[in-house]
Amino acid sequence: MALEKLGKALNSALKKLARSRTVDEATIKEVVRDIQRALIQADVNVRLVLQLTKTIEKRALEEEPPAGVSKKEHIIQIVYEELTKFLGKEAKPLEIKEKPTVLLTVGIQGSGKTTSVAKLARHLQKRGYKVGVVCSDTWRPGAYYQLKQLLEPYGIEVAGDPEEKDAVKLAREGVKYFREKGVDVIIVDSAGRHKEEKGLIEEMRQISEAIKPHEVILVIDGTIGQQAYNQALAFKEATPIGSIIVTKLDGSAKGGGALSAVAATGAPIKFIGVGERIDDLEAFDPKRFVSRLLGMGDIEGLLEKLEELQKQQEFKEEDLEKFLKGKFNLKDMYAQLEAMQKMGPLKQILQMIPGLGYSLPDDAVKVGEEKLKRYRVIMDSMTEEELEHPEIINYSRIKRIARGSGTSTAEVRELLNQYNQMKKMFKSMDKRKLAKMAKKFNFGGFGI
Ligand SMILES: Nc1nc2c(ncn2[C@@H]2O[C@H](COP(=O)(O)OP(=O)(O)OP(=O)(O)O)[C@@H](O)[C@H]2O)c(=O)[nH]1
């Protein structure tokens, strides 16, 4: 999850508030101090932190909670609202209005630009658009091959020529090529390095002139923290930046600084990069982002992800039913693990369920690709009955399965342990919350 450390710190500040017996001025000041500390540790600019927390404190002290809302709930709401405002308030989605819509991506070397172009192409393809990608990076010929490697498995075509030295020509011809092909969106990747900065900006200007993009997208590295402010401003002055993608927010200790700094320039953040895989791009919505960050759950985000999954037919309704009930056999577990692997860690999904927050054990839900392959091999040596009723697998069956699959009894046991752990985890979940969620998905009839 993006900004996990900041999320945990903010979450624990709010938990402290939730646990306190009375809510007086001292309690509010302590919560505000905890929030300040959390934000400053995430490299958020100190001046911005002070402004934000002053507003939170003032509102928490002066405003009366509306009828039916407790003081504590009201303060949590204030924190949520102010943090949302802090990150841009409203989501500003990327709009594809004209066919073709031409997008130009810019950003300095290593920002994650090329990876983000591939992620964006895939994101749009998943939404039904036919996408073409143009590589006009003449400084790093590897960028062309990188894009091809990332996108060809999805049938997304990349235009370019690693031998060509004229970036403007590459961009112009690439766009012309895809226009003639009749794609919906053309994404042009530009160079991230140059002999000197002036040259880079000049090249950007010339490409922009030649292809007249509908939107210029700036890619900024989230690990640079609050320095992102100056970088975003410098680009904004040079080209009409329409939107920003902030990358590498997974695991970055400074991501909060980068996000808030970019938001402070007034340029809309439309996407965030949350991992190295092609699907690790999220449309940025300050409201959803903050509610997840605070561990308040986000049913909308969950719905969206599951919808996507259902579209890909990797997650069928009855699977979800079993998943929510915690009643599933080995085959179901395998399907879940496989699906989760494609859509991102299960933990990330479960975090979106209100009330579950951060309490999930990592290893109960994390399985690598290699391991999944081993599981497949082991399961191929099981009988239908064993797959459907794993509880019948005793020691002699374990020995037979290990022999049949060319694995060890320890590995077979590991698979069974994983299964039991997952089953236990689902069983221990709050059934009321799951039932509520099930209702939202219109699976109300299966009575968890
Ligand atoms: N963890 C993580 N890594 C990312 C993310 N986005 C990009 N990266 C990694 O960052 C590194 C640089 O990304 P590239 O896309 O190659 O960099 P670039 O900005 O295009 O570089 P130039 O083509 O030289 O301009 C790669 O190792 C990517 O895998 C992200 O959201 N999270």
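Small disclaimer: the values here were computed from a predicted structure and weren't measured.

1. Let's talk about the pairing of strand β1 (residues 101-106)
Within β1, six of the six residues are buried, which leaves the element mostly enclosed by the surrounding structure. Burial along β1 is two-sided: the face carrying T101, L103 and T105 and the face carrying V102, L104 and V106 are both buried. Pairing of β1 with strand β4 (residues 185-189) involves five bridges; the strand directions are parallel. Opposite L103, over in β4, you have I187 as the bridge partner. Where β1 lies against strand β5 (residues 215-221), four bridges are found, and the strand directions are parallel. Looking at β5, one finds that T105 is bridged to I217.

2. Focus: the packing of aromatic side chains
Within the structure shown, the criterion is met by three aromatic pairs. When the centroid spacing of 5.3 Å and the interplanar angle of 70° are considered together, the rings of Y144 and Y145 count as edge-to-face. Given a relative accessible area of 48%, Y145 falls into the partly exposed group. Plain terms: the ring middles of Y177 and F178 are 5.1 Å apart, the flat faces sit at 65° to each other, and that makes the pair edge-to-face. Take Y177: its relative accessible area is 34%, and that puts it in the partly exposed class.

3. Concerning the nonpolar core
Nonpolar side chains tend toward joint burial in soluble globular proteins. Counting 69 residues, the largest nonpolar core has I244, V246, L259, I272 and F289 as the members making the most contacts within it. Examining the composition of this core, we find that seven residues originate from one element, helix α4 (residues 71-86), more than from any other. Of the domains in this structure, domain 1 (4-86) and domain 2 (101-293) are the two that each give at least three residues to this core. Non-local contacts of I272, meaning those with residues more than four positions away in its chain, are made with V246, L249, L259, D280, L281, E282, F284 and F289. Counting residues in hydrophobic clusters, the runner-up holds 25 residues, among them L103, Y144, L151 and I187.

4. So, the sheet that holds β5
Strand order in the open sheet formed by eight strands is β3-β2-β4-β1-β5-β6-β7-β8, with mixed pairing between adjacent strands. On the outer flanks of this sheet lie β3 (157-159) and β8 (281-283), each paired with one strand and no other. Sheet twist, expressed as the average angle between the axes of neighbouring strands with direction ignored, equals 25°. Sheet topology note: the strand β7 (residues 269-273)/β8 ladder contains three bridges and is antiparallel. Bridged to F271 within β8 is A283.

5. Focus on the site of the ligand
Near the ligand you find 20 residues, and of these G112, T114, T115, R140 and D250 are the closest. Take K119: an N or O atom from its side chain is 3.2 Å from an oxygen atom of the ligand. Within the backbone of K248, one N or O atom sits 3.0 Å away from an oxygen atom of the ligand. When residues of the shell around the ligand are assigned to their parent elements, the largest contribution, four residues, is made by helix α5 (residues 113-126). For the shell around the ligand, the residue count by class is two nonpolar, ten polar and eight charged.

Cut-offs applied
Residues numbered from 1 in each chain as written. Predicted model: local features only at pLDDT ≥ 70, side-chain atom pairs only at ≥ 80, totals over all residues. Heavy atoms only, no water. Buried < 20%, exposed > 50% of the residue type's maximum accessible area, 1.4 Å probe, protein only. Helix = DSSP H or I, 4+ residues; strand = E, 2+ residues; numbered from the N terminus. Pairing = 2+ DSSP bridges. Phe/Tyr/Trp six-rings, centres within 6.5 Å; stacked < 30°, edge-to-face > 60°. Core = buried A, V, L, I, M, F, W, Y, C linked by side-chain atoms within 4.5 Å. Domains from an automatic or database assignment. Contact = heavy atoms within 4.5 Å. Axes fitted to C-alpha atoms, helices over the stretch in contact; angles between N-to-C directions. Near = heavy atom within 4 Å. Polar contact = N/O pair within 3.5 Å; in protein donor to acceptor, adjacent residues only side chain to side chain. Nonpolar A, V, L, I, M, F, W, Y, C, P; charged D, E, K, R; others polar.

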